Amino acid sequence: MTDTLNAAASTNTASSTNTASPAATPAPVYTVPQERRVVTSVPGPKSVELQKRRLESVSTGVSSVLPVYIASANGAILVDVDGNQFIDLGAGIGVTTIGHTEASVVEAAVGQVQDFIHTLFTITPYEEYIRVAELLAEHTPGDFPKKSVLINSGAEAVENGVKIARKYTGRRAVAVLDHAYHGRTNLTMAMNHKAAPYATGFGPLAGDVYHAPSSYPYHDGLSGADAAQRTIEYLEKSVGATDLACLVVEPIQGEGGFMVPAEGYLPALQEWCTANGVVMIADEIQSGMARTGAYYASEHFGWTPDLVLTAKGIAGGLPLAAVTGRAEIMDAAQPGGLGGTFGGNPVACAAAVAVFESIESNNLLVEGRRIGDSLRSGLEQLQHKHDIIGDIRGIGAMIAIELVQPGTGDTSKEPNAAAVTAIAEYAAQHGVLLLTAGTYGNVLRFLPSLALSDDLIADALSVIDDAIAAL
Ligand SMILES: *Cc1c(COP(=O)(O)O)cnc(C)c1O
């Protein structure tokens, strides 16, 4: 932490630092010291006051993981209204991937606010939207002509991907995988694995959505080829390829618990989709935008999807999402059929351009790999000490641990949701914000920003070590 402060203090006198060479990327300047600091109980008194007001005015349908109210954020640190500083291992669920209030994003957004805030691209367009579409075409997997549409949220990207695939194929059915999460709109509620809390009582749900078995190596033990065969058999028998418009797949499942599919699984599904005229769509909303050490997680699996969905991390925290893919599929939609009032908002687009530039100029793909290596080796040490850590999985800054009942990690792998809840609670009390996940609620997921230093990783893991010991 002190070295980042020193770096911040010395940015105007680069020649005085002993490590920096003149051509090197300047060290990031943090406006908040990158350190954990707990100065009140959690939540503190000011947060408790705000929570009272919130319960009077905000629907209980909107819940919060940790009711501490945030005053500022920078890099990998959240500062609450009581002055507590949290190591943020959630990044707003993988949104502030390049760090909170990253300087170039702030500058781009402020500049755009001053120029113009809204015109509506479908009335009078602007260059920023085109630039984002160009960058998406450049960085999504696949070397073929691509086009994009920009919208506001991940769920809206899923909805648009399905609309476009249906129009292109002239077919109706939509397939997803077990343990999937795709959003909270009417169509996407029907595409999630979990009914509660996302769909319970909110029906009727959209029809023609089919849930196929997935690849979950820790539990099914299947090779990629065998898991793909099982998925394909379900699709052929229960849906019928000729009725299937699209198969929507998260390359690493997010809410489901960061399941990394067995090798060969995704390319085998793509091959079957291509052979059967089915559009295969990668939901990279959580796994994309440099998080895994590649722009898109699909790349790790040798998978080139027909369409790619981007949202969460694309604009540094501003709301923006995209469907990008094969030009002939994207152009199937009739003029006026896609879009929306706020879709591709110029401020969000300007921020997204800055995010892409920052990934390049700050070598953030390398940072994703660094965080993955550092987290994984730290978690492996914890696994040696604590036999409730059944599985460690994920890629880059998208790593999770699955917690099981003591001694069942190699046998029945019985879920241990109580441990997950207790560890997350202990961590929060000690200044570490940790997210949970998993169909059985027994997964702790690490989804930090790429600004997270190795020092902060070690500090956070020491808290988690204590939390497990305190169970
Ligand atoms: C978050 C998420 C969504 C939904 O995005 P919203 O912006 O919340 O609508 C869809 N798919 C995946 C994989 C996600 O992680």
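Residues numbered from 1 in each chain as written. Predicted model: local features only at pLDDT ≥ 70, side-chain atom pairs only at ≥ 80, totals over all residues. Heavy atoms only, no water.

Enquirer: How would you sum up helix 14 (residues 417-429)? Please name residues and give values.
Expert: Helix length check: helix 14, at 13 residues, gives a terminal C-alpha distance of 19 Å against a target of 18 Å (1.5 Å per residue), a fit within 8%. Looking only at helix 14, the buried set comprises A419, V420, I423, A424, A427 and A428. Seen along its axis, helix 14 keeps its buried residues to an arc of 165 degrees; they face one direction. Structural note: helix 14 exposes A418 and T421 on the side pointing more than 90 degrees away from its buried face. In this structure, the buried side of helix 14 is in contact with strand 3 (85-88), strand 12 (398-403), strand 13 (432-433), strand 14 (435-437), strand 15 (443-446) and helix 15 (454-469). Just beyond helix 14, the residue with positive phi is G431, at close to 85 degrees. (Helix = DSSP H or I, 4+ residues; strand = E, 2+ residues; numbered from the N terminus. Expected span 1.5 Å × (residues − 1). Buried < 20%, exposed > 50% of the residue type's maximum accessible area, 1.4 Å probe, protein only. Arc of directions from axis to C-beta. Contact = heavy atoms within 4.5 Å.)

Enquirer: Explain the sheet that holds strand 6 (residues 209-212) residue by residue, including any values.
Expert: Taken together, the seven strands give an open sheet; going across it, the order is 4-10-9-8-7-5-6, and neighbouring strands pair in mixed fashion. The open sheet is flanked by strand 4 (146-151) and strand 6, the only strands paired with a single partner. Put simply, the sheet's adjacent strands are angled 20 degrees from each other on average, direction ignored. In the sheet, strand 7 (residues 244-249) pairs with strand 8 (residues 279-283) via four bridges, with the strands oriented parallel. Looking across to strand 8, one finds that L247 is bridged to M280. (Pairing = 2+ DSSP bridges. Axes fitted to C-alpha atoms, helices over the stretch in contact; angles between N-to-C directions.)

Enquirer: Now, about the site of the ligand: what can you tell me, with residues and values included?
Expert: Surveying the vicinity of the ligand reveals the residues S153, G154, A155, Y181, H182, E250, D283, I285, Q286 and K312. The backbone of Y181 places a nitrogen or oxygen atom 3.3 Å from a nitrogen atom of the ligand. One of the side-chain N or O atoms of Q286 is found 2.7 Å from an oxygen atom in the ligand. Of the residues that constitute the shell around the ligand, the class distribution is three nonpolar, four polar and three charged. (Near = heavy atom within 4 Å. Polar contact = N/O pair within 3.5 Å; in protein donor to acceptor, adjacent residues only side chain to side chain. Nonpolar A, V, L, I, M, F, W, Y, C, P; charged D, E, K, R; others polar.)

Enquirer: How would you sum up the sheet that holds strand 15? Please name residues and give values.
Expert: What the four strands build is an open sheet, ordered 11-12-15-14; its pairing is antiparallel. The outermost strands of the open sheet, each flanked by one partner alone, are strand 11 (389-395) and strand 14. Direction aside, the axes of adjacent strands within the sheet are offset by 25 degrees on average. Inspection of the sheet shows strand 11 paired to strand 12 by six bridges, in the antiparallel sense. By the bridge assignment for strand 12, D391 is matched with E402. Packed onto the sheet, helix 13 (residues 364-385) meets strand 11, strand 12 and strand 15 and runs at close to 175 degrees relative to strand 11. Across the sheet, helix 14 is in contact with strand 12, strand 14 and strand 15; its angle to strand 15 comes to roughly 40 degrees.

Enquirer: For the domain arrangement of the protein chain, give the residues involved together with the corresponding values.
Expert: When the parts of a complex come together, some accessible area is lost, and that lost area is often taken as the interface size. Split into domains, the protein chain comes out as domain 1 (2-98 + 364-469) and domain 2 (106-361). Distance between the C-alpha centres of domain 1 and domain 2: 26 Å. Together, the buried faces of domain 1 and domain 2 total about 2900 Å²; carbon and sulfur atoms form 61% of this surface. Applying the counting criterion to the domain 1 and domain 2 interface returns one salt bridge. The closest approach of N and O atoms between E255 and R445, which form a salt bridge, is 3.2 Å. (Domains from an automatic or database assignment. Buried area = accessible area lost by both parts, 1.4 Å probe. Salt bridge = Lys/Arg side-chain N within 4 Å of Asp/Glu carboxyl O.)

Enquirer: Any details on unusual backbone geometry? Residues and values, ideally.
Expert: At the junction of V42 and P43, the peptide bond is cis and its omega measures out at 0 degrees in the coordinates. Its place among the elements puts P43 in the loop between helix 1 (2-9) and helix 2 (45-57). Positive phi is not limited to glycine here, since I93 has a value of about 55 degrees. By the element assignment, I93 lies in helix 3 (residues 91-94). Look at I93 and you get partly exposed, because its relative accessible area is 27%. Phi is positive for T101, which is not a glycine, with a value near 45 degrees. Take T101: it is sitting in the loop between helix 3 and helix 4 (103-115). Here T101 falls in the partly exposed class, since its relative accessible area comes to 44%.

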